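Architecture and fold: a report
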Amino acid sequence: MSDWIKVCRLDEIAPLGSRVVASSQGDIAIFRMADDRVFGLHDKCPHKGGPLSQGIVHGDTVTCPLHGLKIGLKDGEAVAPDKGCAKSFAVKLDAGSVWLKMS
Amino acid sequence: MKKQKLVVVGNGMAGIRAVEELLKLAPDLYDIAVFGAEPHPNYNRILLSPVLAGEMTINDIILNPLGWYADNGIRLHVGKQVTKIDRTARKVIAADGTEEDYDRLLLATGSTPFMLPIPGNDLPGVISYRDIKDTDEMIATAATHKHAVVIGGGLLGLEAANGLKLRGMDVTVVHLMPWLMERQLDKPAADMLKTSLEARGLKFLLERQTEALIRGESGRVAALRFKDGLEIPADLVVMAAGIRPNTALAESARLYCNRGIVVNDTMQTYDPRIYAVGECVAHRGVAYGLVAPLFEQAKVCANHLANFGIARYTGSVTSTKLKVTGIDLFSCGDFMGAQGGKGGTDEIVLHDPSGGVYKKLVVKDDTLVGAVLYGDTADGAWYFQLVKDGKNIHELRDHLMFGQNHVGDVGHAGVSKAAAMSDEAEVCGCNGVCKGDIVKAIKSQGLFTLEDVRKHTKASSSCGSCTGLVEQILASTVGGAYTPADTKDKPMCGCTDHSHGVVRQTIRERHLLTISEVMHYMEWKTSNGCASCRPALNYYLISTWPGEAKDDPQSRFVNERAHANIQKDGSFSVVPRMWGGLTTPAELRVIADIAEKYEVPTVKMTGGARIDLLGIKKEDLPRVWADLGAAGMVSGHAYGKSIRTVKTCVGAEHCRFGTQRSMDMGVKLERMLFGMGAPHKVKLAVSGCPRNCAEAGIKDIGVIGVDSGYELYVAGNGGIKTEVAQFMCKVKSDEEVMEYSGAFLQLYREEGFYLERTCHYVARVGLDHVKAAVVDDPAKRKDLFERLLLALKDYQDPWQEAVQKPVVRREYELIRIKEIAAEVQS
């Protein structure tokens, strides 16, 4: 049984921005969309390990800062024709705070 | 609501491309049915020649497998020829009785080969060269018969002849005209082509008119007789004497046809419910037989079918590339020039018969209007671009013939001719992509554009220095299907149809101040852009409206958001500022202390002659900057689309040759330009004498001291493409150096497109334009300079902001969580 862990307040993440959570499973990037939805991905691009948290967020994707791969935020899958997947973490918004579930 | 019905007659490249474009724009608008007379799904007709030559198989050239139709909910009727359109009842009827109703109809019936009206043209063994069936028959015949005759020495005829020769046949090409490919080549180029094909064993009979095909004892064709009585053996006759738009169906439905189904600029026929694209169409009196224009038509047609109603097709400039392995030939535009009967053209010609190279450029009123290249087609794509863009080539004229020098600089071992490369040769040095990988992707994925190739192979997608090579490979693989995009009106990215130029202009004219305002006003297709357009928009806004538009950190690449340079492992590098490259023992001590305190793994000198501290964790950045700040130092912009460094030599301060105080001048310039954002990085150098130890000749602005003052050079580049800076003017004083340099940079800041270096900017607008504003017009120069100073006036040291403002500092802070206890919600 895994539990939800409080990460930060929503307003501590810029819209279309991200923050990095240090965890026992490595760094996890938490992204905030324009409409305040939040997503969590392992902070490592499947291509060459670039920190996705540092990329530009647009639509429901982030562009890796190292070589420009586009990664879908909902599932961590690279946008075709690129291939690869970053591990996805459950993240939710509750009462103005962002919660993360470690699996 | 019930979907509208779209019926497409013609399952070829034009019709299906239109459907693909439509599905991109409006995937759910129509219920779609497609009729194809051939029993195959859509295939790449252009690649029939490689199939004939034995280089590929039919399966390799299928563009849309049957599954594609199913996945998109398209009803496909293959092997069914539509014989009737009932415009009143709005339905089409196929020969086998199949019917489909339509709300809108798209005709893409293509063309039919022209069969010479001579006796014997219906004998077995007499075929055209149009589809898979013809190709199969040619391959089969080559295995059993000896003599082939190809009638028609055009593009298609020569490809057929070459393929049959490779299949072991004895091939003669018969041509009515005095030289081969007269619609694409002038005589000198055609003669070289003929010589080269003869060396491969092909035979040619030019200026011969065929009178009859003669039947042999077996019943199939056996010989061919000319008007002059000559007879040659022929077991196979391939008619490649041209194509005719296939208008029979349209004519039977009483649609207006005149050498093609007549359409307007929206690809609509005289019946507004019926559209037409492809080889069957006559647009402004022209029927196109190459695939590039068909794709442009398909795109426009899809736009209207999707009810967008904003696209227009205004005709195409076509280019030709012969797909015969090992022969490099290219032509585009009005390549005949004055000989073609049009006055006022000049020809620039280079002809080296022994060397096998011929190049002719046709110039009219300072624009390039056509080109023929034989033997060295490296610059074909560039010339084609110049023709399409109608660019003024006045400044290029004296070296236009020698090409763009675009390829072969760095990253691919100096090779500039794709044809000479082996499949294993590395084309893209950034991403390690070989020629064979690119060719394979183009063929197997059905790629037609540079963008496609970049997406699928990554070649040319990083530094771009191999773009010219990739274009050549693309052109030689897909032949006439290749069309470089218009650079002039090229959309910024997939989020918009507007070009950089139009967006810049609109932001200025409409006084737009935020990214969302721009996206809303200019009807962006995506909700918040992409990683390519947002940084550009952000730059355009703050450079156009300094003090009014607000910077958006989330629309900046990480380096400019974090104010340090990201490295491959996600750490950052910090380059402490050394104005003009000068430092002191005290500053060096501070840097050394920081390097030890934060366990910096690597310390090195940068290309701009500054000290680089590499491998700093993002979390530590604000602390590093605080330590620098405490010692009175600032960090440096060693990463941004901004002023980088001003490199200097020792100059008159110490050097026995120095004529001007270059260190002092460099410091003044670097301080003046502190924090200046730009479309791309900006590097300066100041040398104290013409020995030029600061390498000012390859900088965006190079200042060279001479006894009587300074020479100013602009638009140099030492990177991907080495460009020597061009002399702009000579000035007398330090103040003038600052004013002229500042004015030049402000002009670039106001007019440059995002990610355009000064060398590209000046190549686009011309040095004369720059001089007119910066040198010749003192009032303009002063205005530009004042606008630059105004924009820089309120620049805040971003590193101290990160140190002092908690909201900004958050960017650097890691969130640490307790995974077991603490605040847990179940």
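Not measured: the values here are computed from a predicted model.

A separate point is the overall build of chain B. Assigned secondary structure in chain B consists of 25 helices and 38 strands. Across its three principal directions, the C-alpha atoms of chain B cover 100 × 75 × 50 Å. By residue count, 47% of the 826 residues in chain B fall in the buried class. Counted over contacts in chain B with a minimum sequence separation of 6, partners at least 24 positions apart contribute 62%.

The next thing to look at is the overall build of chain A. Helices and strands together make up the secondary structure of chain A, namely 0 helices and 9 strands. Element order for chain A, N to C, with α for helix and β for strand: β-β-β-β-β-β-β-β-β. The C-alpha atoms of chain A give 13 Å as radius of gyration, which agrees with the globular expectation for 103 residues (13 Å, within 12%). Expressed as a percentage of its 103 residues, the buried residues of chain A come to 45%.

This next bit is on the domain arrangement of chain B. According to the domain assignment, chain B contains domain 1 (4-111 + 245-305), domain 2 (126-241), domain 3 (410-490), domain 4 (500-556) and domain 5 (643-793). Computed from C-alpha coordinates alone, the two centres of domain 1 of chain B and domain 5 of chain B are separated by 56 Å.

Let us look at the interface of chain A and chain B. At the junction of the two partners, chain A supplies 31 residues and chain B supplies 25 residues. Residue assignment for the side of chain A that touches chain B shows that the elements contributing at least two residues are strand 1 (4-9), strand 2 (18-23) and strand 5 (56-58) of chain A. Grouping the constituent residues of the side of chain A that touches chain B by class yields 18 nonpolar, 9 polar and 4 charged. Bridge analysis of strand 2 of chain A against strand 37 (residues 815-816) of chain B gives 2 bridges, and the strand direction is parallel. Bridge pairing links Val21 of chain A to Ile815 of chain B in strand 37 of chain B.

Omega for the bond connecting Ala80 of chain A with Pro81 of chain A falls within 30 degrees of zero, at 5°, which places this linkage in the cis form. Counting through the fold element by element, Pro81 of chain A comes out in the loop between strand 7 (70-72) and strand 8 (88-94). At Arg254 of chain B, a position not held by glycine, the phi torsion is positive, near 60°. Secondary-structure assignment places Arg254 of chain B in the loop between helix 7 (248-252) and strand 18 (261-263). Backbone geometry at Asp365 of chain B places phi at a positive 45°, although glycine is not the residue there.

Residues and elements named next belong to chain B. Among all positions of helix 13 (residues 500-509), only His500, Val503, Arg504 and Ile507 are buried. All buried residues of helix 13 fall inside an arc of 100° around its axis, so they share one side. Contacts made by the buried residues of helix 13 are with helix 14 (515-521) and helix 15 (533-544). Residue His511 follows helix 13 closely and has a positive phi angle near 50°.

Once that is clear, we can look at the pairing of strand 35 (residues 709-714) of chain B. Side-chain positions along a regular strand alternate between the two faces of the sheet. All names here are of chain B. Counting buried positions along strand 35 yields 5 of 6 residues, so the element is predominantly enclosed. Pairing of strand 34 (residues 701-706) with strand 35 involves 6 bridges; the strand directions are antiparallel. Looking at the pairing, Val703 lines up with Leu712 of strand 35. Counted along the chain from strand 34 to the antiparallel partner strand 35, the turn is 2 residues long.

Two quantities define a packed helix pair, namely the angle between the axes and the distance from one axis to the other. All names here are of chain B. For the pair helix 19 (residues 662-672) and helix 20 (residues 734-751), interaxial distance at closest approach is 11 Å and the crossing angle is 40°. Between helix 19 and helix 20, the angle is such that the two are oblique. The hand of the helix 19/helix 20 crossing is right-handed. Where helix 19 approaches helix 20, its residues Met665, Lys668, Leu669 and Met672 are matched on the opposing element by Asp734, Val737, Met738, Ser741 and Gly742. Looking at the contact of helix 19 with helix 20, its residues break down into 5 nonpolar, 2 polar and 2 charged.

Let's shift gears to the nonpolar core. Core analysis: the largest hydrophobic core is formed by 139 residues, its most contacted members being Val150, Val237, Val238, Ala276 and Val277 of chain B. Sorting elements by how many residues they give to this core places helix 8 (residues 291-305) of chain B first, with 9 residues. Those residues in contact with Val277 of chain B that lie beyond four places of it in its chain are Ala14, Gly15, Ala18, Leu106, Ala108, Met267, Leu294, Gln297, Ala298 and Cys301 of chain B. Within the second largest apolar cluster, 47 residues are counted, among which are Ile30, Ile56 and Val57 of chain A together with Tyr754 of chain B.

It is worth spelling out the sheet that holds strand 14 (residues 221-226) of chain B at this point. Residues and elements named next belong to chain B. Spatially, 3 strands are ordered 13-14-15 in an open sheet, and the strand pairing comes out antiparallel. The open sheet has two edge strands with one neighbour each: strand 13 (210-215) and strand 15 (231-233). Across the sheet, the axes of successive neighbouring strands diverge by a mean angle of 25°, strand direction being ignored. Where strand 14 and strand 15 come together, 3 bridges link them in antiparallel fashion. Opposite Arg225, over in strand 15, you have Glu231 as the bridge partner.

On to the environment of Leu329 of chain B, then. Residue and element names in this part refer to chain B. One can find Leu329 in strand 22 (residues 329-333). For Leu329, a count of 27 C-beta atoms within 10 Å corresponds to the buried category. For the pair Leu329 and Phe308, spaced 21 residues apart in sequence, the C-alpha to C-alpha distance is 39 Å. Here Leu329 is in contact with Leu193, Lys321, Leu322, Tyr374 and Thr377, once residues within four sequence places are set aside.

Time to look at the sheet that holds strand 3 (residues 75-78) of chain B. Residue and element names in this part refer to chain B. Spatially, the 5 strands line up as an open sheet ordered 3-2-1-7-19, and their pairing is parallel. One side of each edge strand has no neighbouring strand; the edge strands of this open sheet are strand 3 and strand 19 (274-276). Along the sheet, successive strands turn relative to each other by an average axial angle of 15°, direction set aside. Bridging between strand 1 (residues 4-9) and strand 7 (residues 104-107) involves 4 bridges; their strand directions are parallel. What sits directly across from Leu6, in strand 7, is Arg104.

So, on to the confidence of the model for chain A. On average, chain A scores 93 in pLDDT, and the residues at 70 or more come to 98%. Of all helices and strands in chain A, the one with the weakest mean pLDDT is strand 1 of chain A (94), whereas strand 4 (residues 38-42) of chain A scores best (97).

Turning our eyes to something else, we now look at the confidence of the model for chain B. Predicted confidence across chain B gives a mean pLDDT of 91, with 95% of residues reaching 70 or more. Ranking the elements of chain B by mean pLDDT puts strand 38 (residues 824-825) of chain B last with 49 and helix 20 of chain B first with 98.

Residue and element names in this part refer to chain B. Across the 6 residues that make up strand 11 (residues 170-175), a large majority, 5, are buried. Handedness of the crossover is the feature at issue here: the chain leaves strand 10 (residues 147-151), passes through helix 5 (residues 155-166), returns alongside strand 11, and the resulting connection is right-handed. As judged from the 4 bridges shared by strand 11 and strand 12 (residues 203-206), these two strands associate in the parallel manner. Paired with His175 across the bridge in strand 12 is Leu206.

Definitions and limits used
- Residues numbered from 1 in each chain as written.
- Chains lettered and ligands numbered in written order.
- Predicted model: local features only at pLDDT ≥ 70, side-chain atom pairs only at ≥ 80, totals over all residues.
- Helix = DSSP H or I, 4+ residues; strand = E, 2+ residues; numbered from the N terminus.
- Buried ≥ 20, exposed ≤ 12 C-beta atoms within 10 Å, placed from the backbone.
- Contact = placed C-beta atoms within 7 Å.
- Rg over C-alpha atoms; globule rule 2.2 N^0.38 Å.
- Domains from an automatic or database assignment.
- Nonpolar A, V, L, I, M, F, W, Y, C, P; charged D, E, K, R; others polar.
- Pairing = 2+ DSSP bridges.
- Arc of directions from axis to C-beta.
- Axes fitted to C-alpha atoms, helices over the stretch in contact; angles between N-to-C directions.
- Parallel < 35°, antiparallel > 145°, perpendicular 65-115°, else oblique.
- Left-handed = near helix turned anticlockwise from the far one by under 90°.
- Core = buried A, V, L, I, M, F, W, Y, C linked by C-beta atoms within 7 Å.
- pLDDT = per-residue confidence, 0-100.
- Right-handed = clockwise from strand over helix to strand, strands pointing away.

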